[in-house]
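Architecture and fold: a report
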Amino acid sequence: MEILFLKMLLLLAGCLAGLFCHFSDLCGGEKRTVQNKPNFIVILADDVGWGDLGANWAETKDTPHLDQMAAEGMRFVDFHSAASTCSPSRASLLTGRLGIRNGVTHNFAVTSVGGLPLNETTLAEVLKEAGYITAVIGKWHLGHSGPYHPNFRGFDYYFGIPYSHDMGCTDTPGYNLPPCPACPRRSAATSHHGRDCYTTVALPLFENITIIQQPVNLTGLAAEYAEKATQFIEHASESGRPFFLYLALAHMHVPLVLAQPPSSSFPEPYRASLREMDALVGRIKDKVDGCGKENTFLWFTGDNGPWAQKCELAGSVGPFSGAWQRQRGGSAAKQTTWEGGHRVPALAYWPGRIPANMTSTALLSTADIFPTLVTLAKASLPPNRRFDGSDVSEILFGQSSQGHKTLFHPNSGAAGKAGEIKALRLAQYKAFYTTGGAKACDGSIGLEEHHQPPLIFNLDQDIQEQVPLDVKAGEYRAVLPAITRALTDFLQDIATDNVSTADYSQDPAATPCCNPQHIVCQCQACCSRGSREP
């Protein structure tokens, strides 16, 4: 603990001295060239549906830039988030390990004391050790208090919000169901809007360790993310050092807040927001194209499927309807282990390295991002632990079409103990030992059910997960032993691995607060740069 405390003090001193506070400092210091190391940009959309991309689903017409990226790169149609909710999915992306190993099994709260366990090594830490400049712009949601802050988890620069942007009031509440009020102006409000609305603390915006706005202006947040991201790419490219940018967007999570109001051409807020996200990604791609696209790998994907209870403010699962569950009530999207909860859009773009206009059917996961980028950076995986992700660079470069044979889908809130593995994929087969539906648009919730023997669907023939195989059928009897063995072997592997436990304790003192003397922690003339207003 003394070593950790010393590390925190040194990093804190560096931040306060301005070592991380200006892009020029990232580039104007050590100007050494790290040979043969590519740049990495990972763009993670929030609550985006598989069917939200036109390249995936012909009914979607609002993603021309992403569709162009698909045409110029590789599109993955069997790509999965490592969990079906925010914090666990992000933890797996940054560690290459499922929550059952890294300890992050459900979301962290505004008052959370802990975060991603400190003995877990992040992708940023590995790449920084390999000579990379690192930045995270956007949503963190892996702990904001003390050593869990991103500046202490391998990121040289941080600009963004500490958790989802519905976890605090703002002056621009946007579109949500149910609608939430703006921050109170005269006295702390007693919420009459239910548990989904935060009315006692405003949503903060951080730059490194400093809150620079509270509440954040959500209307301009996407533009600020784009500006900070393009600045980072430009300055890092000039530095002669490779860079890693993790851009975690607010889109398409509610509340949907638009820089421009919906028009007659795009009257629905979701479609307008989708086009806004698409334009933001297009701007990042254009910057990459102008700053050395031959040495920059851009990966776009999502953290989980759409939040169906938000009705018309939620995205499209495409054909992955989870019909078996829907017939019994509840949603089969976000928070569930049905395909709509974890099958997400994914695109890879790297001109000259990744073949253009390629569609991959390989079974892949966001957990693969960690080992793949570590390998491409010629770095080493952290020792004394096992990984759920694999290096998939051969697939990216068109040298292989073989992805995972098995994927394990953790419980993510709809049913069962959070983080436990009660659903898995084996080739084209999907097995469920526990099922349940998250809250749906109609208010229904699918009851938790346990299945022994498991429900098994053949996704090649039943992508909607509508009719499970008959337990008496030869196909069921033939595949069940392999499914049982795969789960048993996985659980034995977990039992002998170096696993972590996250601290989910809560304390109101851990709440990010720019000025406790003001209502909802509201800043007056903000806490770092005097010209910035809340």
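Scroll up for the structure.
Heads up: these notes are all about the structure in this document. All residue numbers refer to position in the chain's written sequence, counted from 1. Confidence filtering applies because this is a predicted model: local features only for residues at pLDDT of at least 70, side-chain atom pairs given and counted only at 80 or more, and all residues used for totals across whole chains, interfaces and linings. Excluded from the side-chain calculations are hydrogens and water; all other atoms, namely the structure's heavy atoms, are used.

Any pair of Phe, Tyr and Trp rings, taking the six-membered ring for Trp, is counted once the centres come within 6.5 Å. Such a pair is stacked with planes under 30 degrees apart, edge-to-face with planes over 60 apart, and tilted for the rest. Per the counting criterion, the structure on display carries 21 aromatic pairs. The structure contains a cluster of three or more aromatic residues connected by ring pairs, namely Phe40, Phe76, Phe79, Tyr132, Phe297, Trp299, Trp350 and Phe397. Positioned above the aromatic ring of Trp324 is the side chain of Arg328, whose terminal nitrogen or guanidinium carbon lies 3.8 Å from the ring centre. For the cation-ring pair, Lys334 lies above Trp307, with the distance from its terminal atom to the ring centre recorded as 4.1 Å. Consider the ring centre and the ring normal. A charge sits over the ring if Lys NZ or Arg CZ is within 6 Å of that centre and within 35 degrees of that normal.

What follows deals with the pattern of salt bridges. Think of a salt bridge as a Lys or Arg side-chain nitrogen and an Asp or Glu carboxyl oxygen that are within 4 Å of each other. Considering all chains together, one arrives at 24 salt bridges under this definition. As a salt-bridge pair, Lys287 and Glu234 come within 3.2 Å of each other at their nearest N and O atoms. Within this pair, whereas Lys287 is found in helix 8 (residues 269–290), its partner Glu234 is found in helix 7 (residues 221–238), the two being separated by 53 residues in sequence. Arg271 is the partner of Glu268 in a salt bridge, and the nearest nitrogen-oxygen pair spans 3.7 Å. Members of the salt-bridge network, linked through shared partners, are Arg97, Arg101, Glu120, Arg386, Asp388, Asp493 and Asp497. Only runs of H or I of at least four residues qualify as helices and only runs of E of at least two qualify as strands under DSSP, and these elements are numbered from the N terminus.

A few words on the packing of helix 3 (residues 64–72) against helix 8. Every angle, taken between N-to-C directions, lies between 0 and 180 degrees, and every axis is a line fitted to C-alpha atoms, over only the stretch in contact when it is a helix. Two elements in contact, helix 3 and helix 8, have axes separated by 7 Å at closest approach and are oriented at 45 degrees. The angle between helix 3 and helix 8 falls in the class oblique. Between helix 3 and helix 8, the residues in contact are Pro64, His65, Leu66, Met69 and Glu72 and Arg275, Met277, Asp278, Ala279, Val281, Gly282 and Lys285, respectively. Each residue receives one of three labels: charged for Asp, Glu, Lys and Arg, nonpolar for Ala, Val, Leu, Ile, Met, Phe, Trp, Tyr, Cys and Pro, and polar for the others, Gly being one of them. Here the contact of helix 3 with helix 8 is composed, by residue class, of six nonpolar, two polar and four charged. Each angle is binned into one of four classes, with values under 35 degrees roughly parallel, values over 145 roughly antiparallel, values of 65 to 115 roughly perpendicular, and all other values oblique. Residue contacts are defined here by distance: any two heavy atoms, one from each residue, within 4.5 Å place the two residues in contact.

Spatial relationships are all this shows, so hold off on functional conclusions.
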